[in-house]
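Now for the letters of each chain:
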Amino acid sequence: LDMLAKAMEMEKKGKDYYDKAVKDTKNEMGKKIFKMLGEDETKHQQRIKEIYDKISGGNPFPEDKVVKIEEEFNPDRLKQLFVDITKENKTKIKADPNDIEALKMGIKFEETAVNYYEKYLPEAKDKMEKRFIKEMISEEKSHHKALVEMHYYFTDPEAWMMERERVSLDGA
């Protein structure tokens with residue numbers, strides 16, 4: 001219960017941060033990614049609260065909440081959103097220094113979340129609890145990866161395009 005209470009608090013801070021980042025970010029691409037991440041943090045909060053309420057009521061770890069994560073979560077959707085946005089904009093996106101700082105803070109937040117859940121994984125006593133924690137780690141890693149990719153794109157769009165789009169400089 002203590003792990004879940006702290007997780008709810010952490011997810012709320014994440015949601016608050018991403019909501020603020022949506023308002024403060026000048027770049028439309030950043031706004032879209034931060035908005036999606038904020039929506040995910042809301043889902044995390046709701047899911048964790050439902051689990052907390054069941055367990056605190058004396059029930060076992062609810063299997064349906066873990067299965068729901070697996071059904072809902074598509075780790076490629078953030079990546080696909082990012083790919084779609086970059087295809088639309090190519091190297092036209094210019095990031096404000098504050099946008100880059102917002103990305104760095106988001107990256108740190110997601111690293112903290114991954115580390116938090118990884119810390120509790122060995123302590124999980126129930127198989128559903130283990131599955132839940134593994135799913136949360138997977139989701140947070142997906143968020144982290146999306147933010148790292150966006151940071152790379154914002155700081156060096158030409159290099160990102162060459163690397164990710166397999167652009168060749170040999171003239172062929």
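Asker: In this structure, what is going on with the packing of aromatic side chains? I would like to understand it.
Answerer: The relation between two aromatic rings is expressed through the spacing of the ring centres and the mutual angle of the planes. Per the stated rule, a full pass over the model turns up six aromatic pairs. In this structure an aromatic cluster arises from ring pairing among Tyr17, Tyr18, Phe34 and Phe109.

Asker: What am I meant to see in the nonpolar core here?
Answerer: When a protein is soluble and globular, its nonpolar side chains tend to lie buried together. Membership of the largest hydrophobic core comes to 35 residues, with the highest contact counts inside it found for Phe34, Tyr117, Phe132, Ile133, Leu147 and Met150. Sorting the residues of this core by element identifies α1 (2-24), α2 (28-56), α5 (97-120), α6 (127-155) and α7 (157-164) as the ones contributing at least two each. If you tally residues by element for this core, the top one is α5, at 10 residues.

Asker: I would appreciate a short explanation of the pattern of salt bridges in the present structure.
Answerer: When the charged atoms of two side chains lie near each other, side chains of opposite charge can form a pair. Taken as a whole and assessed by the stated rule, the structure comprises 10 salt bridges. Across the salt bridge formed by Glu139 and Arg47, the nearest N and O atoms sit 3.3 Å from each other. Highlighted residues: Glu139 in helix α6 and Arg47 in helix α2, separated in sequence by 92 residues. We note that Glu139, like Arg47, is buried. A salt bridge links Asp53 to Lys49; its shortest N-O distance comes to 2.9 Å. Highlighted residues: Asp53 and Lys49, both in helix α2, separated by four residues, approximately one helical turn. On the accessibility criterion, Asp53 (39% relative accessible area) is partly exposed. Classification of Lys49 by relative accessible area gives partly exposed; the value is 43%.

Definitions and limits used
Residues numbered from 1 in each chain as written. Predicted model: local features only at pLDDT ≥ 70, side-chain atom pairs only at ≥ 80, totals over all residues. Heavy atoms only, no water. Phe/Tyr/Trp six-rings, centres within 6.5 Å; stacked < 30°, edge-to-face > 60°. Core = buried A, V, L, I, M, F, W, Y, C linked by side-chain atoms within 4.5 Å. Buried < 20%, exposed > 50% of the residue type's maximum accessible area, 1.4 Å probe, protein only. Helix = DSSP H or I, 4+ residues; strand = E, 2+ residues; numbered from the N terminus. Salt bridge = Lys/Arg side-chain N within 4 Å of Asp/Glu carboxyl O.

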